[in-house]
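Observations on chain architecture
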Amino acid sequence: SKQTEKAPICFLPTCHQGLPKLPLPDLKDTLDMYLRCVKHLLTEEQFNKTQKIVKQFEAPGGVGELLQGKLVEKREKTANWVFDYWLNDMYLNNRVALPVNSSPVMVFPQQNFRAPIDSLKFAAHLISGVLEYKALLDCSHDLPVDCARGQLAGTPLCMEQYHRLFTSHRLPGLEKDTLVAQESSMMPEPEHMIVACKNQFFVLNVVINFCRLNERDLLIQLEKIKKMAESGEDRLPPVGLLTSDGRTEWAEARSILMRESINRDSLDMIERSMCLVCLDEASGPELSDTTRAMLMLHGGGAAKNGGNRWYDKPMQFVVGEDGCCGVVCEHSPFEGIVLVQCTEYLLKYMIGSPSKLVRAASVSELPAPRKLHWKCSPEIQKRISSSADKLQRLVKNLDMNVHKFCDYGKEFIKKQKMSPDAFIQVALQLAYYRCHGRMVSTYESASTRRFQKGRVDNIRSATPEALAFIRAMTDGKLNSKKMRMLREAITAQTNYTVLAISGMAIDNHLLGLREIAQEMKMEKPEIFKDAAYLISNHFLLSTSQVPTTVEMFCCYGPVVQNGYGVCYNPQSDHIIFSVSSFHESPETCSAEFVKHLLQGLQDMMDLCNECSTDPNTAERRKGPKLEPHSQARQLEKTLQRESDPTKGKSPAQTNVQIQSQSSAKVKKNNEKK
């Protein structure tokens, strides 16, 4: 698809320069909004109890006031008061396996490889692109900085996440993982990648004698690696399968591996590498979008390419002999927009930069790539077998459905004077309601990168206004009333989005209050033990908008066992939906959800068309104005003042493009019955 909008580009020497700190919302505003967000998701009895608990929490001189004061102090002392709390809660504390549950993937267009060498040529070209992109990252002055769109277009966003793309890894822990990132410029930059082929791992030095390998040299080295992997000599167990296991299980296995020096060396080489390049074997004849999405998410299990991975590394570029290609992303170092920007650069590089395989200049007598070796005890062999079984169960359990909706795209929605993202979110609520007869807590991530070290907060899309519209669609109300309610739902969704991107939403604030209470060794406040809090954080619908300007799509798995993961990519004349659930849940079915989603989108289009042409409708183009709360309005004014160039301060945007995230919080909470 062609790029229809171009974000402004600016250049900055550092990733934080001039950016404001993430604001801390007022306690009362957050608690009032919390009650508004959960009321229609609870029984009357549950809500009455929650009201009393919230009132007690916010009482003058009470627990809430004390914790808020501590957060105020933390904000003054740190660049981003919620960063560590959020990272631990969202990722590092979670014990679930990374494939499907946590790691999103980007699926490239199907490649047509006519001969075995073609996939290696593609990989060599891709690696050249990675090295070009990394060169931009290494020289901050050359890195195009993401900038805000909207009223204050041109405002730079925090670029810190980009510097973790090729210099970090996730280290498993028994109770909590660690994000290991190279923070100091004094540390040597990695000069090698790891190539996985037939479940074996090889060191590909991309810089030799201070010279970066050209594309022809890279192809030569890849051919050597493939030949070594196919020789059958010294075939080692598929150790990579261990990284697909639960995080505690992988931490235990890693500690056993570390007892042997040869294993320590292999682990060190993988963890310090730039990235992985996974040369996959063909997986079968049928390569639909849905099939390719599943293969990217789990590799097809141990029988296919599931062991040809190392899930702790942030970037794994997959190149299949059958043309199934893409990227597997470990999510803790960065958000989806960073993955999109990197992969779009690479695909555009490969399209716009012809393959350079005929150049004669190369490093003479290239040393052979080194195969990594492992000493696997019987205990490790047993654990590999166990990891393989669990991955296979995950493969069988995943219910994936990728659908390209072609009736219309974002241009039609814009003509209705509506936000495409808000429109699609309301359609998702309608689909879930038609599937299950109720509305549930929903996660949609929004970027807070306008602030120092910003990551994301949650847009709570299950609004009372959306519920009113959904009921109107099923109660046979007049089209004029349905249209009015649709616009109210769109406005409510848009206004909550403004809160989230302005750092004024409720989820991060409540998380901070909960975590600082734990730091103070207080008994957990009643508000965080209440059923309403558990229900509101059990995201049965986890959604992300991941728009692209080149042909590809993103997908991920559900974040709870009885939920859905929905990633969508709105284009001018179509929308790509990737819907996931688990077969083992009797409550969910991806195909059924997609069926109701398509019908809902059609119904909403028909409603818009009928109301725009019916002269008897009293529908007005502008819905009622639902104001964000006072803290957000005040923040807008403050940021407007900060953007005055005469003040000598860098601007901060009032509108930021929603940043998609492939996963929401994975929690073992009780859902509302």
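Residues numbered from 1 in each chain as written. Predicted model: local features only at pLDDT ≥ 70, side-chain atom pairs only at ≥ 80, totals over all residues. Heavy atoms only, no water.

Time to look at the overall build of the protein chain. On a plain count of helices and strands, the protein chain comes out with 19 helices and 18 strands. Scored against the burial criterion, the 673 residues of the protein chain give a buried share of 60%. A separation threshold of at least 6 residues defines the contact pool for the protein chain, and within that pool the share at least 24 residues apart is 78%. Entry remark: accessible area of the protein chain is about 26900 Å², with carbon and sulfur atoms responsible for 51%. (Helix = DSSP H or I, 4+ residues; strand = E, 2+ residues; numbered from the N terminus. Buried < 20%, exposed > 50% of the residue type's maximum accessible area, 1.4 Å probe, protein only. Contact = heavy atoms within 4.5 Å. Areas by Shrake-Rupley, 256 points an atom, 1.4 Å probe, with all protein chains shown as cover.)

One finds Y34, F423, F469, L486, F577 and F593 to be the most contacted residues of the largest nonpolar core, which totals 98 residues. Element by element, the count of residues in this core is highest for helix 13 (residues 420-436), at 10 residues. Here Y34 is in contact with T50, V54, I506, L510, I527, A532, Y533 and S536, once residues within four sequence places are set aside. (Core = buried A, V, L, I, M, F, W, Y, C linked by side-chain atoms within 4.5 Å.)

Another point: the UniProt feature "active site" (unreviewed entry) in the protein chain. Mapped onto the present numbering, the UniProt feature "active site" (unreviewed entry) falls at H331. Its location among the elements puts H331 in the loop between strand 10 (325-329) and helix 10 (336-352). A polar atom in the side chain of H331 sits 2.9 Å from the backbone oxygen of F334. (UniProt positions renumbered as here; feature names shortened; annotations may be inferred. Polar contact = N/O pair within 3.5 Å; in protein donor to acceptor, adjacent residues only side chain to side chain.)

This paragraph deals with the sheet that holds strand 18 (residues 575-582). Spatial ordering of the open sheet is given by 12-18-17-15-13-14, a layout of six strands whose pairing is mixed. Lying at the two open borders of the sheet, with one neighbouring strand each, are strand 12 (398-405) and strand 14 (456-459). Within the sheet, the average angular offset between the axes of one strand and its neighbour, ignoring direction, is 20°. Here strand 17 (residues 564-570) pairs with strand 18 via six bridges, running antiparallel. Of the residues in strand 18, the one forming a bridge with P570 is I575. Relative to strand 17, helix 13 is tilted by about 145°, and along the sheet it contacts strand 13 (442-447), strand 15 (541-545), strand 17 and strand 18. (Pairing = 2+ DSSP bridges. Axes fitted to C-alpha atoms, helices over the stretch in contact; angles between N-to-C directions.)

The next thing to look at is the packing of aromatic side chains. With the rule as written, the count across this model stands at 15 aromatic pairs. Aromatic pair F528 and Y533: ring centres 5.0 Å apart, planes at 75°, arrangement edge-to-face. Here the aromatic rings of Y568 and F577 are separated by 6.3 Å at their centres, their planes lie at 40°, and the arrangement is tilted. Among the aromatic side chains, those forming a connected cluster through ring pairs are F201, W250, W310 and W374. A cation over a ring is seen here: K453 above F83, with NZ or CZ 4.4 Å from the ring centre. (Phe/Tyr/Trp six-rings, centres within 6.5 Å; stacked < 30°, edge-to-face > 60°. Lys NZ or Arg CZ within 6 Å of the ring centre and 35° of its normal.)

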